[in-house]
Each structure stands twice: as C-alpha cells, then as structure tokens.
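Now for the letters of each chain:
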Amino acid sequence: MRIWLDGGLRDVESARVSVLDHGLTVGDGVFETVKAAHGEPFALTRHLDRLTRSARGLGLPDPDHDEVRRACAAVLTANPMALGRLRITYTGGHGPLGSDRGRHGPTLVVALGETTRRPDTTAVVTVPWTRNERGVLAGVKSTSYAENVVALARAHRLGASEALFGNTVGQLCEGTGSNVFVVLDGEIHTPPVASGCLPGITRALVVEWTGAHETDLPLDVLDRADEVFLTSTLRDVQAVHRIDDRELPGTPGPVTAKAMRVFDERAGQDLDP
C-alpha cells in the first residue's frame, strides 16, 4: 500500500506521523471517507467542502483542495482496486502534550483500503448514550471518534452493524457513521442538522433526489416507522430489517427500494454531483 503523507507518497512501512501529532494526542483533527470505484472518487467536491467546514469548526487552517485532490489521485493510481475506502485525514499537526496547538502546521494523510459492497439490508440497535446537539463538535466530522467506537462495538455484540443515537432532548439523531431515514405514511423523513447529526454527503443527495423531509423526530419513531433506512458513503442507501427486537417484514419496503434505485441511477450518471 502507498499512502500520501505531507506532500508525497510513502510505503506503508515508512508512512509515520509523529507521536506528538495533535490528531493522536488530543484528537485534534478532521477527516473524510470517500467511496472510490475503479480509481474514481464519488462526490469528492462535496467531501472537500465538508472537510473545510469541519476544519473551520475546529479552528484549523483551510485545507488546500488542490493538494488534497493531487493526493487522492496519486493514492488511487498507486493502489488500484475495484472498490475502495479513500480516507482523508487532516490534523492540527505536531504540537505540545496538551490542548494548545503547536506552530508546525497541519498534517495531511490520504490512504486507501479495499472494501466490498454492503448487503441490501441490515440490523441496528439503539444505544443509551446521546449526541450533544449543542456541543462544539456537533456537525463536525472529527477524529475524536471514541464514542462511536464504543457504540459500534455494542452494536456488533448484539448482532447489528450500526448503533443509533438520540440527542439530549430525546430526538432521533444519527448512527455512528451513518444518517437515518424513516418512512411514515409513504413520506421519507430524516432528522435535521440541528438535531446534532453530521450533514452526511449521501444524506444530502438522498434529500435532494427523493424529496425527503427534514423533520424533528422523537427517538420512539423507530417503534412505529413503516420503513427505516441508513445512508452513508459506503452504505449508499441500505434498508434496515431489525431495530433492537423489532423486525420490519418485507425489507426493503417499497419506498426504500425506490430510494435505493434512484440513488444508484443518479450516482451512476454523475460521479461528482
């Protein structure tokens, strides 16, 4: 594997970030995961725009989009594969052992890992922890991901692939790495960004392409929704057949199945929508 680190490609054995990098010591960094099929990234412009918004949310300098694009192209060329997870990581760089930043400038890493297409349906669980819709990291795709690691491990122990969070006021929010949609009386709804969820790239495209509504939803909407589905970079649109102990028969339902078809068709027509 060849990885881009601070200006050039490195072998995986020599691609090393300082142990004093703020991304490691205090989680001071942001990232993007981009789907890449046969060396072509999907929706890269939207991902780079969100990377910049996240960086600004942490007070980091704006990433150089031209440099990130060069890095992505170099990594994709150096690591040919049918379907890949392109990971762009941008941190506060070398710094002191505390929350203050150093003066060395940010670190940029771009890496690629092979993956496979997700199943059409999956199981999810709800977790007792909450997203803080008023927190400083709300809506920021930060490398401070430990609560997602804990929640996802719980989901895996319970035979699910994703964990869903409510927020501090009892509203449905998001998954550890996905956005959630529900179907009520034939209409598609998803929590608004004000709920504390990440403004997902796939989420935004699904809202645009299906006419889904951004709606404040109580967490217990999962007990009565006709259909539920997840969206993310690597899930695209994925139906949910079980939520905790509730089975949803006939999954994917008709509304979800249509959303899946629409997304596949539109995404196939434009790699950078």
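So, how was this worked out
- Residues numbered from 1 in each chain as written.
- Predicted model: local features only at pLDDT ≥ 70, side-chain atom pairs only at ≥ 80, totals over all residues.
- Heavy atoms only, no water.
- Helix = DSSP H or I, 4+ residues; strand = E, 2+ residues; numbered from the N terminus.
- Rg over C-alpha atoms; globule rule 2.2 N^0.38 Å.
- Buried < 20%, exposed > 50% of the residue type's maximum accessible area, 1.4 Å probe, protein only.
- Contact = heavy atoms within 4.5 Å.
- Areas by Shrake-Rupley, 256 points an atom, 1.4 Å probe, with all protein chains shown as cover.
- Lys, Arg positive; Asp, Glu negative; His and termini not counted.
- Charge placed at Lys NZ, Arg CZ, Asp CG, Glu CD.
- Pairing = 2+ DSSP bridges.
- Polar contact = N/O pair within 3.5 Å; in protein donor to acceptor, adjacent residues only side chain to side chain.
- Core = buried A, V, L, I, M, F, W, Y, C linked by side-chain atoms within 4.5 Å.
- Axes fitted to C-alpha atoms, helices over the stretch in contact; angles between N-to-C directions.
- Parallel < 35°, antiparallel > 145°, perpendicular 65-115°, else oblique.
- Nonpolar A, V, L, I, M, F, W, Y, C, P; charged D, E, K, R; others polar.

Peer 1: I'd like a rundown of the overall build of the protein chain, residues and numbers included.
Peer 2: Within the protein chain, the regular secondary structure consists of six helices and 15 strands. Against the 2.2 N^0.38 benchmark of 19 Å for 273 residues, the protein chain shows a C-alpha radius of gyration of 19 Å, consistent with a compact globule. With respect to the three principal axes, the spread of C-alpha positions in the protein chain is 55 × 40 × 30 Å. Counting every position in the protein chain, which comprises 273 residues, the buried fraction comes to 50%. The contacts of the protein chain with a sequence gap of at least 6 include a subset with a gap of at least 24, amounting to 70%. With an accessible surface of roughly 12600 Å², the protein chain has 51% of that area assigned to carbon and sulfur atoms. Once the 29 positive and 36 negative side-chain charges of the protein chain are each reduced to a mean point, those two points are 2 Å apart.

Peer 1: Pulling in residues and values, what's your account of the pairing of strand β14 (residues 236–243)?
Peer 2: Moving residue by residue along a regular strand, the side chains alternate between the two faces of the sheet. Buried residues dominate β14, accounting for seven of its eight residues. Examined bridge by bridge, strand β7 (residues 121–131) and β14 share four bridges and lie parallel to one another. Across the sheet, the residue bridging to Thr122 is Val240, located in β14. Relative to β14, strand β13 (residues 227–232) is paired through four bridges, and the arrangement is antiparallel. Bridge pairing in β14 links Ser232 to Asp236. Hairpin connection between β13 and β14: a loop of three residues separates the two successive antiparallel strands. What sits between the antiparallel neighbours β14 and strand β15 (residues 246–247) is a turn of two residues, in which Asp244 has the positive phi angle 55°.

Peer 1: Account for the environment of Asp64, naming residues and giving values.
Peer 2: Residue placement: Asp64 occurs in the loop between α2 (44–58) and α3 (65–78). Judged by relative accessible area, which is 41%, Asp64 ranks as partly exposed. For the pair formed by Asp64 and Leu108, sequence separation is 44 residues and the distance between their alpha carbons is 9.9 Å. For Asp64, the side chain forms a polar contact with the main-chain nitrogen of Asp66, separated by 2.9 Å.

Peer 1: Provide a residue-level description of unusual backbone geometry, including the pertinent values.
Peer 2: The bulk of non-glycine residues show a negative phi, and the bulk of peptide bonds are trans. In this model, Thr251 is joined to Pro252 through a cis peptide bond whose omega is -5°. Examined against the element boundaries, Pro252 turns out to sit in the loop between β15 and α6 (254–269). Positive phi values are uncommon outside glycine, yet Asp6 reaches one of about 45°. Here Asp185, not a glycine, exhibits a phi torsion of approximately 50°, which is positive. Within the element layout of this structure, Asp185 appears in the loop between β10 (179–184) and β11 (187–190).

Peer 1: So what's going on with the nonpolar core? Residues and values would help.
Peer 2: By size, the foremost hydrophobic cluster in this structure holds 24 residues, and its most contacted members are Leu86, Ile88 and Val110. Of all the secondary structure elements, the ones that give two or more residues to this core are β3 (29–37), α2, α3, β5 (83–91) and β6 (107–114). Sorting elements by how many residues they give to this core places α3 first, with six residues. Discounting chain neighbours no more than four positions away, the residues touching Leu86 are Glu32, Thr33, Val34, Cys72, Val75, Leu76, Val110, Ala111 and Leu112. Listed in part, the 18 residues of the second largest apolar core include Phe181, Val183, Trp209 and Ala259.

Peer 1: Now, about the packing of helix α5 (residues 201–210) against α6: what can you tell me, with residues and values included?
Peer 2: At their nearest, the axes of α5 and α6 sit 10 Å apart, and the two run at 105° to each other. Considering their axes alone, α5 and α6 lie roughly perpendicular with respect to each other. Across from Thr202, Leu205, Val206, Trp209 and Thr210 in α5, the residues of α6 making contact are Ala259, Val262, Phe263, Arg266 and Ala267. Partitioned by chemical class, the residues of the contact of α5 with α6 number seven nonpolar, two polar and one charged.

Peer 1: Which residues make up the environment of Leu83, and what values do they have?
Peer 2: Secondary-structure assignment places Leu83 in strand β5. A sequence separation of 31 residues divides Leu83 from Glu114, and the C-alpha atoms of the two residues are 6.1 Å apart. Beyond its immediate stretch of four places on either side in the chain, Leu83 contacts Lys35, Ala36, Ala37, Gly113, Glu114, Thr115, Thr116 and Arg117.

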